Amino acid sequence: MPRVSYRSSDVDLMARMMRAEAEAEGKQGMLYVGNVIVNRLKANCLDFKNLRTVPHVIYQIQGNNYAFEAVQKGTLFYQKPREAERRLARQALDYWRQHPGKYSLWYFNPYAPCPPTWYGQPFAGQYKNHCFYEPRPGTCDPVYT
């Protein structure tokens, strides 16, 4: 049983985002980005309330910007998804979860050492250039299921 319900168009959209955000970090890096996308969809807490579909997560506006920078700045995001990224997207949607993205709701590339918190949320770990952050205990229980 998949972690979240999805359609084939969701797989394509998620594959495009995973590639745009982490292609340079290989399959593992793209899977971590997929973890964050699925976690935001499951969370229904903090900044991620009422997100019900993969497009809701991908095109979410926070402040005056898209939550994922690649939506507005990434040329890779607007390319057709490749089958390799589609397979990775299906893995993340169906079952794949691993530290440091396992429970993470945020990630970013600081181009410096990872800070111990990101907007008050604790550091979960780093993979190559991306730092991952989980919600503080007791603030977003659905992400842990």
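Residues numbered from 1 in each chain as written. Predicted model: local features only at pLDDT ≥ 70, side-chain atom pairs only at ≥ 80, totals over all residues. Heavy atoms only, no water.

A.B. asks: Just give me the short version of helix α5 (residues 83–94), but keep the residues and values in it.
C.D. replies: Compared with the 16 Å implied by 1.5 Å per residue over 12 residues, the 16 Å span of α5 between its first and last C-alpha is a close match. Those residues of α5 not exposed but buried are Glu-85, Arg-86, Leu-88, Ala-89, Ala-92 and Leu-93. Each buried residue of α5 lies within a common arc of 160° when the element is viewed along its axis, so the set occupies one face. Tucked into the core, α5 has its buried residues touching α1 (8–22), α2 (26–43) and α3 (54–58). (Helix = DSSP H or I, 4+ residues; strand = E, 2+ residues; numbered from the N terminus. Expected span 1.5 Å × (residues − 1). Buried < 20%, exposed > 50% of the residue type's maximum accessible area, 1.4 Å probe, protein only. Arc of directions from axis to C-beta. Contact = heavy atoms within 4.5 Å.)

A.B. asks: If you had to explain the packing of aromatic side chains to someone new, which residues and values would you point to?
C.D. replies: The description of two aromatic rings rests on the distance between their centres and on the angle between their planes. This model, assessed by the stated rule, comprises 15 aromatic pairs. Consider the rings of Tyr-59 and Phe-77, whose centres lie 6.1 Å apart with planes at 75°: the pair is edge-to-face. Of this pair, Tyr-59 sits in the loop between α3 and β1 (61–62) while Phe-77 is found in the loop between α4 (69–73) and α5, placing the two residues 18 residues apart along the sequence. Relative to Tyr-133, the ring of Trp-118 lies with its centre 6.3 Å away and its plane at 35°, an arrangement referred to as tilted. Of the two residues, Trp-118 is situated in strand β4 (residues 117–118) and Tyr-133 in strand β6 (residues 130–133); the sequence distance between them amounts to 15 residues. The exposure class assigned to Tyr-133 is buried, which follows from its relative accessible area of 0%. Here a set of aromatic residues connected by ring pairs shows up, and it is made of Tyr-32, Phe-68, Trp-96, Tyr-107, Tyr-127 and Phe-132. Positioned above the aromatic ring of Phe-77, the side-chain terminus of Arg-16 is 4.4 Å from the ring centre. (Phe/Tyr/Trp six-rings, centres within 6.5 Å; stacked < 30°, edge-to-face > 60°. Lys NZ or Arg CZ within 6 Å of the ring centre and 35° of its normal.)

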